[in-house]
Amino acid sequence: MDGIDENRPSEATNTPQDAPDAEYRGSDAKGWEWKYLRAKCKLLGLEQYYQRYLERFSVVIVALFLFVMELLLLTHIVVLLVLIDSKTNFISDTLRYIALMLMLPFVVYICFLDRSVLKRYMLWNMLASAAAILLICLMDTLIVFFASPTDYFNISCAHDHICIIALYLLLPIGNLRSNFVYVLAVVVYVIYLVYITLIVYRTKHFTPTYIFAYGIYTFTLHTLMVVRLKIMEYRLRKKLLSRHQLLLQHHVLQMVMGQEKDMIQTVLPQQIAHSLQEEIRNRIEDQRLGPRHLIPRSLFLELHPDVSILMGDMVNYTQLTTTLDVKDLVQILHELFVSFDLAAERNNVLRVKFLGDAYECVSGTYNYSPRHAKNCVELALDMINTIAAMRENRKLNIDMRIGVHSGEVFAGIIGRTKWQYDIWSIDVDIAQRLEQYGKPGYVHVSNKTLVLLNRKYVYELHENPKIKMDVILEKAHITTYLIGPQQTRTINVQTTRGARMSKESLDSRRFSMKHEIRSKTRRGMYDEVEQMPVGRSQFACIFDLSRQSQTRNEDQLFKAYITSFWRLFRNSEHEWSFLKMPDIFIKYSLLMASFTGFMIYINIVIIRYTQFKTIWHMFFMLIGLFVITLVSFYKKIWYNRTNVKTWARPTFILSRWLFRAAELIEEQLIVRCFVAFFSIFIVYIMATFTTVDCNADAFLINVIRSDLENGKKVEKCFYPWQVTHNVVLVLALLFFFDGLSLVFKTGLSALIVTAHLLTVFEYYFAWQRTKTTNLGLNAVFAHTLYVVLFWVLTLIVLQHYTYINKVEYHSILRYEAKLKQAEDITRSIKIIMANILPAHVAQLFLESRDPEELFYESFDKVAVMFASIENFEPDKTGLRVLNEYICYYDDLLNCYVDKYKVEKIKVIGWTYMAACGLDADNYTDFSLGLARRKSSQSAASSVRFGTTTRKSGESLDLGRRVTLEHPQLEKDDECVLVMTQFAADLLRIMHDIELQNVYLETTANNIGQLKIGISHGPVMAGVVGLSRPHYDIWGHAVNMASRMCSSGVLNCIQLTAKSAQVLQLFDVRCSYRGLINVKGIGETPTYLLALNSFLEFQPHDSSELDFDMEEQATESSERVTGGSSQSC
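Procedures and definitions
Residues numbered from 1 in each chain as written. Predicted model: local features only at pLDDT ≥ 70, side-chain atom pairs only at ≥ 80, totals over all residues. Heavy atoms only, no water. Axes fitted to C-alpha atoms, helices over the stretch in contact; angles between N-to-C directions. Helix = DSSP H or I, 4+ residues; strand = E, 2+ residues; numbered from the N terminus. Parallel < 35°, antiparallel > 145°, perpendicular 65-115°, else oblique. Left-handed = near helix turned anticlockwise from the far one by under 90°. Contact = heavy atoms within 4.5 Å. Polar contact = N/O pair within 3.5 Å; in protein donor to acceptor, adjacent residues only side chain to side chain. pLDDT = per-residue confidence, 0-100. Salt bridge = Lys/Arg side-chain N within 4 Å of Asp/Glu carboxyl O. Buried < 20%, exposed > 50% of the residue type's maximum accessible area, 1.4 Å probe, protein only.

What follows is about the packing of helix 21 (residues 612-641) against helix 22 (residues 653-667). Taken N-terminus to C-terminus, the directions of helix 21 and helix 22 make an angle of 115 degrees; their axes are 7 Å apart at the nearest point. With respect to helix 22, the element helix 21 is oriented roughly perpendicular. Taken as a pair, helix 21 and helix 22 cross one another with a handedness that is left-handed. Between helix 21 and helix 22, the contacting residues are Val-631, Ser-632, Tyr-634, Lys-635, Trp-638 and Tyr-639 on the first element and Ser-655, Leu-658, Phe-659, Ala-661, Ala-662, Glu-663, Ile-665, Glu-666 and Glu-667 on the second.

Within the element layout of this structure, Thr-980 appears in helix 33 (residues 974-996). For the pair formed by Thr-980 and Phe-1097, sequence separation is 117 residues and the distance between their alpha carbons is 9.7 Å. Within the local environment of Thr-980, its side chain forms a polar contact with the backbone oxygen of Val-976, the two atoms lying 2.7 Å apart.

On to the confidence of the model for the chain. With 76% of its residues at a pLDDT of 70 or more, the chain has an overall mean of 79. Ignoring residues within four places in sequence, the model shows residues 1-28, a span with pLDDT below 50, making 76 contacts including any to other chains. Of the regions scoring below 50 in pLDDT, residues 920-964 engages in 95 contacts with residues more than four places distant in sequence or in other chains.

Bringing the side chain of Thr-1086 into the picture now. Looking at where Thr-1086 falls in the secondary structure, it is placed in strand 18 (residues 1082-1089). Within polar-contact distance, the side chain of Thr-1086 engages the side chain of Gln-1054 at 3.4 Å. What Thr-1086 contacts, discounting residues up to four positions off in sequence, is Met-1044, Gln-1054, Leu-1055, Tyr-1072, Arg-1073, Gly-1074 and Ile-1076.

This brings us to the pattern of salt bridges. The final tally for this structure, using the stated rule, is 32 salt bridges. The residue Glu-666 makes a salt bridge to Lys-635 at a minimum N-O spacing of 3.8 Å. Taken together, the positions of Glu-666 in helix 22 and Lys-635 in helix 21 put the pair 31 residues apart, joining distant regions of the chain. Judged by its relative accessible area of 3%, Lys-635 is buried. In this structure, Glu-970 engages Lys-861 in a salt bridge whose closest nitrogen and oxygen atoms are separated by 3.1 Å. Here the residue Glu-970 occupies a position in the loop between helix 32 (957-963) and helix 33, and Lys-861 occupies one in strand 11 (residues 855-870), the gap between them amounting to 109 residues. We classify Glu-970 as exposed; its relative accessible area is 54%. Classification of Lys-861 as buried rests on a relative accessible area of 13%.

Quick look at the structure:
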């Protein structure tokens, strides 16, 4: 057996399972293609729809049958009228044809009736088809009853070839999957064979070889049409499957559009969600096409001048995160924040975000209401009642401290990844300060908010010395008040119940989505089948007697896409792509060409006048046909003989060449056209080779001698009718080459007919002395008419089948367009989800899971970083700068996607929070997939940083070397090093911006500088929230990192003692700063990362590597106060 190369990736990996060609490409399918699609239809439950489509299709082909027969019979009558001199002979033949023209519409009229009207639909269609075929046969052979015994022996069949074509391709009996078509075919075969036998047997010179030759001719034509019938079944089934997939994709598209809409609203309110969707799709399209120019970042911000802001903070939250396990913590927070979300929805308040223990809301942004202050206070009171109930039920020492202020805000999102809807303004800052100075269990409101409440609540003045000392509040002339629980306040139970119902409907929609799509597809298939194009246009509609001809279907719409006669797509790109489509049936077409050539060879060999050299010449031509056919089948043979994947390829050199040749024949248009032309040309040469090899002068002398000797038997070179029959077989091969355009096949067939007519008139003397088709008609014109009528029939049927193939391809184009749209939206969903949750968590939420199941996880060691941008005003300019900074930080994440990946958690105002060590495995992070690659020409117009061009972790070689050497390093300690390296890169970014002075127009030293804090340790993580899930992390390490940032030094990285000790084990120097007071912990030693002037790590003194840092902290705390910080 050949070697097998199975390393080639599958090209069909992403093809939907229900697609028509999902299981194979080209000849990759094992077995017969039409049997595969038959099984596919049964598997998908489409058999009843296929039968219905066949019924509609049968109506059209019956109409086409009537048109063809009426046209051909009328043409025949006109020819007889012009060429026959004898009125007696003309009248006898004309009456037969006129009678046939009049009788056929009545015979097949029953085929136009719908199944709902006609009982035993299949039986009546078969009987009508049989009656029409037998009527044609009898009218063609009953000449024996109209001619004298001396005449009818010279009469041959005029419409036997047309009768055979109509039996298989133009009547319902050939399409309705009834074996009765084969029974009727045998009857037709026997009728014509008996007729020819009777004629030949009564002739003066009986030649049984002619009977045998005619039998071979009709048998070959029957066989060709049987195979064509199978191919037609494949085409129709594939068309139905394409439509099924198109409908399925339509419902999938509707579903994913709904999902995208729901998910985008977890990031932004509906009013500006559309802009974000367009931005995502534009970025996806940019990635597909590649970067072409520098595209500016979009800023999704809007000013809302009249809103109310609510800031809530959980009291004793730190105690919760340090005493509860991860499951209990996530369950409590989820229950609490889901209740808050439902209350916010009930009070027409938009939840902005929650940050661990903080809950931030705004009212009056997009769904504006003049009652926005009252809405926020109502929500605040609901939150206080909710947490009081939880405190009572769970015996927890928790409470809420809430501040409400009214003013203006900028609302929107910033950054490139992990979007979160947020608000900024000085009024937001005031609301935060009201929350900080508030009283647990009360709503702390400003005087601006109190005015909007119209004194509808019981309140009291809040006396807090810190308020008077606050510069921001004093500058804004803020007076504050406390609103406690109201005795007369009630909760709208009906609204709450409605909110819960929305949760139940959300859950059920998640579970039933797939089933609903399949059900909709099945229900919609009947309407689709009724609308599918069947070719009811142009020729077919002339004799369409059915009621369906009056109904509107897609035939009329599809006419706008193709030309009327040549059936070319009006869009040249579509036509060209249609022609370049692989033709998986080219091998069967070549097989039929070889079969036809073989039957012609047998037909000629049995003639005793055939010369020996002619036999050998034709034998070599036949061998050439067999070789071409074998090569075209090699790919399919190889797959059937080897149990390999469909993308595997042979490795043996000869086998590989043959395999590649088979692929070229299927896939390359030029190769396909050349092979088809060459094969048909060989078959035509074989069909007429006896005329080419004949000595015309000697043949003419023999004919003259025979005439002079009163009809003495003459030695012949060929039988003229045998040559004419062979040419008909060559024309019949055009039914199989669907991969060629109608223009090409028309030109090729015209060339064949012209060449044959030239041959006929070249050997006029021979053709003139053969049997004719009508009494009084010159045999030469009889041969000509026999071929020309079949040629016209072939072109009309080919035009109809070309229409069917174009319809199928158009369905594929529509499916691919919807598939591309669905893929873009699906990817957009993944991007949106990945920008809500971390990559490994988003992966789980995109899969089917129980919506009641809470997601939580714990990690033994995670490094957490807070980076705060200082001294920017929260106005439009400052927010634009903030957006640029955050985008640069997000771009930096692309350099940290290895095992220890840096994960952006959120942006809190002007603070950037990230963590390293949350994900031990590698996941595809779609949130990073949106980062645009900068072109090399953009250096002049944008800031370029060396860190963004460095490969992930490239500067961490020192750390990795020490990881393998130092014995005190523990598992996953490297996350601290990676997080610190990321923080140092942030400082480098800010330094480069300051040097290039891109955004800053002032020389102030403290504007736009960073304070960074890092800590590490065990961390709990989970997803809380109902319709707007939020991923957050909790634990001592998070609290310490936040405190390291808030108490840090500008342009420095402050670390806890534990994190500094890990860095020193990596040979990274950290300098002791001093002690800071951490709420709930007390005095804590802190360290600053030592960086040189290039913001690079400084090596640690090896002699001090094992120095006890706790001892250093103790000693330093005795002699160093908070003012003894060191410069970094």
